[in-house]
Amino acid sequence: MNIHKLISIILIIATVVLLTSYNYERYLKSFSQSPSKEWSRDIKIGSRDFNRSTSIFSNNNKIYAILPKMNKIDLIDISTPNKILIKDMDINGIDESNVKEINYCNGRLYIVKNNTLMSVGIDGSNLVNYGINAGGFKIVDDKLITFNNSEINIYKISNDKLMLEGSISQIKNTREIDAEKINKRLYIALLTGINYDRSIYLLTYDGRQWGNLKPVYNISVSSFSDIDNLRIAYDGGIYLFYNSVSKNNLNLKYIYFKDAKLQNVFLKNAMINVDGIGNADNIGDFDVLEDGTYVYTVSSGSVELSNFGNVPSKSTEIIYSKWKGGKVVLSELATKTGTWTGMPKILNTKNGNFLTWIEADGFGKYNVYASSTTYVYKNVLNRVRPVDKQYALSTLIQKSAASLLIGLIFILVGALPAYVWFVVIMLFEPRRLKGESVVSFYIGAAIYIIMKYLLYPPHSIRTILNSVLKPYNFFAMPAIFTLISYGLTRVYYGRKKFNSNFGAFSFMIIIDAILTNLFYAPFFT
């Protein structure tokens, strides 16, 4: 083997290695990226049998997730993602199926089990059954507000005791409750309903008397539609968020009062435009957070994700949105799973926000995941994981093999007119193109480049490339690879004139097929 052939082969191998390495890095970046600048990647913290949210709370600078199990409650310490700890609290009779609601306050967990309110210390001691009939409850500071079909009650929490402070029985058939303290006054949002009639109330309580006993919004539902998940929030104006559920879609809607006097009210659909992605639809389960200046929502919504090398596809992700003055001012992804996520819960701490949600695990099971905006979570989770490398490598091999096999066919189809040209030259030997004229080779190569430019890459790949950044979407890339292949062919033969134009051209298109198809390999499906 002469030196020209050796150099050519080395250059071909080096070019192939560079192309595959470049694609591998792009795959690795795609698989290992965090959902947004604000949020870390996720970590699995548990599993559950029901499609329900997983409450989180802070105690002594530790962050815990609460998971009811058979005859126990798991307190999962999610403070640091590389040290997830689980503490069992044995409580006889507790089960995920009979726990309707569970929340934390001052060292105790308050639980609605079979419509009965109870509490227990987070060390598992001092279980108290209050015997209070409750469809649900809300804790605001040291006040616990309960509801049932016939009344709303406000209790003051004192250690493990509850002392009744206020009650109202004029409003019946309450289905959901939420509450917020605004200007030293309790604002209590109620969703009531019977048959196909629903009403939203915003009661006020100043410690002595109740106000706003008339509904702020009435709506009729049907067998195929309803509203639920009523939540209240405050940023100088008052939000009443809720989900509108129908057979075909989900919507996040809200009523906004520009001030606490409950004047200047308007009803809107939440229009959430996710930064860098576009509008989200089917906005379902959500949770609300506020910091005194802004209101934040985490909601489960359908977005179209463009993953490297794939056609953009719909997935249901958790979307983190910032609100001010009744409008969304910023939205970004808090998850990037590519599948389905739901039932988010968010908690604010001095170090950042924590988020939990569920993902389907098949056969009616759900996995529970957590992420955070804290430095600790980002530092630990936003690294390349061994599984990311495995996914990147296996995808690279699969797509490269498919592109080389399928792409060779496309290249050969584009080369057919050039081959016809060479056959004509060999059969008829025109006077000016006799023998192995280099001009004949250049004409054949020019025909091939034109055909390749017109036919390559295939239409299915061109469609994907419309949403991909350079160099993949650069229109001249097919021609550039042909020129590179010609240069490598010239090095291989080492003469101004080829011994066989037909052979040299075949050598060139084989190299061109390899290089071109390896470059476009991520987009072959």
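None of the values given here were measured: they were computed from a predicted structure.

> Go over the overall build of the protein chain, please, and point to the residues and values.
When helices and strands are tallied, the protein chain shows 7 helices and 31 strands. By the compact-globule yardstick of 24 Å for 525 residues, the protein chain is too spread out, its C-alpha radius of gyration being 32 Å. Here the C-alpha coordinates of the protein chain stretch approximately 110 × 45 × 40 Å along the principal axes. The buried share of the protein chain, taken over its 525 residues, is 48%. Here the protein chain holds 57 positive side-chain charges and 41 negative ones, and the gap between their average locations is 9 Å.

> Kindly report on the pairing of strand 3 (residues 62-69), identifying the contributing residues and their values.
Of all the 8 residues making up strand 3, 6 are buried; the element is thus mostly covered by neighbouring parts of the structure. Bridge analysis of strand 2 (residues 56-59) against strand 3 gives 4 bridges, and the strand direction is antiparallel. Each bridged residue has a counterpart across the sheet, and for asparagine 59 the counterpart in strand 3 is lysine 62. Between strand 2 and the antiparallel strand that follows it, strand 3, lie 2 residues; asparagine 60 among them carries a positive phi value of about 50°. Pairing between strand 3 and strand 4 (residues 72-77): 6 bridges, direction antiparallel. Residue pairing for strand 4: alanine 65 is matched across the bridge by isoleucine 76. What sits between strand 3 and strand 4 in their antiparallel hairpin is a turn of 2 residues, with asparagine 71 showing a positive phi close to 60°.

> How would you explain the packing of aromatic side chains if you had to name every residue and give the values?
What the rule picks out here adds up to 32 aromatic pairs. Three or more aromatic residues joined by ring pairs make a cluster, and in this case those are Tyr239, Phe241, Tyr254, Tyr256, Phe286 and Trp323. The aromatic ring of phenylalanine 50 is capped on one face by arginine 52, whose charged end is 4.9 Å from the ring centroid. Directly above the ring of tyrosine 294 sits lysine 324, whose terminal nitrogen or CZ lies 5.9 Å from the centroid.

> Before we move on, can you summarise the environment of leucine 6 with the specific residues and values?
Inspection of the secondary structure assignment puts leucine 6 in helix 1 (residues 3-32). By relative accessible area, leucine 6 is classed as partly exposed at 38%. It is 72 Å that separates the C-alpha atoms of leucine 6 and aspartate 228, two residues lying 222 residues apart in sequence.

> So, the pattern of salt bridges: which residues are in play, and what are the values?
For the coordinates displayed, the defined rule picks out 18 salt bridges. As a salt-bridge pair, aspartate 160 and lysine 161 come within 3.6 Å of each other at their nearest N and O atoms. Residue aspartate 160 is classed as buried on the basis of its relative accessible area of 17%. In this structure, the salt-bridge partner of lysine 452 is aspartate 512, at a minimum N-O distance of 2.8 Å. Of this pair, lysine 452 sits in helix 4 (residues 438-455) while aspartate 512 sits in helix 7 (residues 501-519); the two residues are 60 residues apart in sequence, bridging distant segments of the chain. The residues lysine 452 and aspartate 512 share a single accessibility class, namely buried. Each of Lys138, Asp178, Arg231 and Asp287 takes part in salt bridges that share partners, so that together they form one network.

> Which residues make up the sheet that holds strand 13 (residues 161-168), and what values do they have?
Pairing in this open sheet of 4 strands is antiparallel, and the strands run 10-11-12-13 from one edge to the other. The open sheet has two edge strands, strand 10 (136-140) and strand 13, and neither has a second partner. Mean inter-strand twist for the sheet, computed between neighbouring axes without regard to direction, equals 25°. Here strand 12 (residues 152-158) runs beside strand 13; their pairing, made up of 7 bridges, is antiparallel. Residue pairing for strand 13: tyrosine 155 is matched across the bridge by leucine 164.

> Could you give an account of the sheet that holds strand 2, naming the residues involved and the relevant values?
Backbone-to-backbone hydrogen bonds pair the strands of a sheet. The strands run either parallel or antiparallel. Reading across from one edge, 2-3-4-5 is the order of the 4 strands in this open sheet, with antiparallel pairing throughout. The open sheet is flanked by strand 2 and strand 5 (85-90), the only strands paired with a single partner. Across the sheet, the mean angle separating the axes of adjacent strands is 30° when strand polarity is ignored.

> Lay out the packing of helix 3 (residues 386-428) against helix 7 with the relevant residues and their values.
At a minimum axis distance of 8 Å, the contact between helix 3 and helix 7 shows a crossing angle of 155°. Put simply, helix 3 runs roughly antiparallel to helix 7. Seen along the crossing, helix 3 lies across helix 7 with a hand that is right-handed. Counted together, Ser400, Ser403, Leu404, Gly407, Leu408, Ile411, Leu412, Ala415, Ala418, Tyr419, Phe422 and Met426 of helix 3 and Asn501, Phe502, Phe505, Ser506, Ile509, Ala513, Ile514, Asn517 and Leu518 of helix 7 form the full contact between these two elements. The class makeup of the residues in the contact of helix 3 with helix 7 is 15 nonpolar, 6 polar and no charged.

> Outline unusual backbone geometry, supporting the account with residue identities and numerical values.
The omega torsion across tyrosine 456 and proline 457 is 0°, close enough to zero to call that bond cis. Tracing the backbone through its elements, the reader meets proline 457 in the loop between helix 4 and helix 5 (459-465). Within the chain, asparagine 195 stands out as a residue other than glycine whose phi angle is a positive 55°. When you line up the elements, asparagine 195 lands in the loop between strand 15 (185-194) and strand 16 (197-205).

> Please set out the environment of serine 125 residue by residue, giving values where relevant.
Position of serine 125 among the secondary structure elements: in the loop between strand 8 (116-121) and strand 9 (128-133). Between the alpha carbons of serine 125 and methionine 89 there is a distance of 8.6 Å; along the sequence they are 36 residues apart. Here serine 125 is in contact with Arg108 and Val120, once residues within four sequence places are set aside. For serine 125, the side chain forms a polar contact with the side chain of aspartate 123, separated by 2.6 Å.

The rules we used
Residues numbered from 1 in each chain as written. Predicted model: local features only at pLDDT ≥ 70, side-chain atom pairs only at ≥ 80, totals over all residues. Heavy atoms only, no water. Helix = DSSP H or I, 4+ residues; strand = E, 2+ residues; numbered from the N terminus. Rg over C-alpha atoms; globule rule 2.2 N^0.38 Å. Buried < 20%, exposed > 50% of the residue type's maximum accessible area, 1.4 Å probe, protein only. Lys, Arg positive; Asp, Glu negative; His and termini not counted. Charge placed at Lys NZ, Arg CZ, Asp CG, Glu CD. Pairing = 2+ DSSP bridges. Phe/Tyr/Trp six-rings, centres within 6.5 Å; stacked < 30°, edge-to-face > 60°. Lys NZ or Arg CZ within 6 Å of the ring centre and 35° of its normal. Salt bridge = Lys/Arg side-chain N within 4 Å of Asp/Glu carboxyl O. Axes fitted to C-alpha atoms, helices over the stretch in contact; angles between N-to-C directions. Parallel < 35°, antiparallel > 145°, perpendicular 65-115°, else oblique. Left-handed = near helix turned anticlockwise from the far one by under 90°. Contact = heavy atoms within 4.5 Å. Nonpolar A, V, L, I, M, F, W, Y, C, P; charged D, E, K, R; others polar. Polar contact = N/O pair within 3.5 Å; in protein donor to acceptor, adjacent residues only side chain to side chain.

Purely geometric stuff here, so don't read any function into it on its own.
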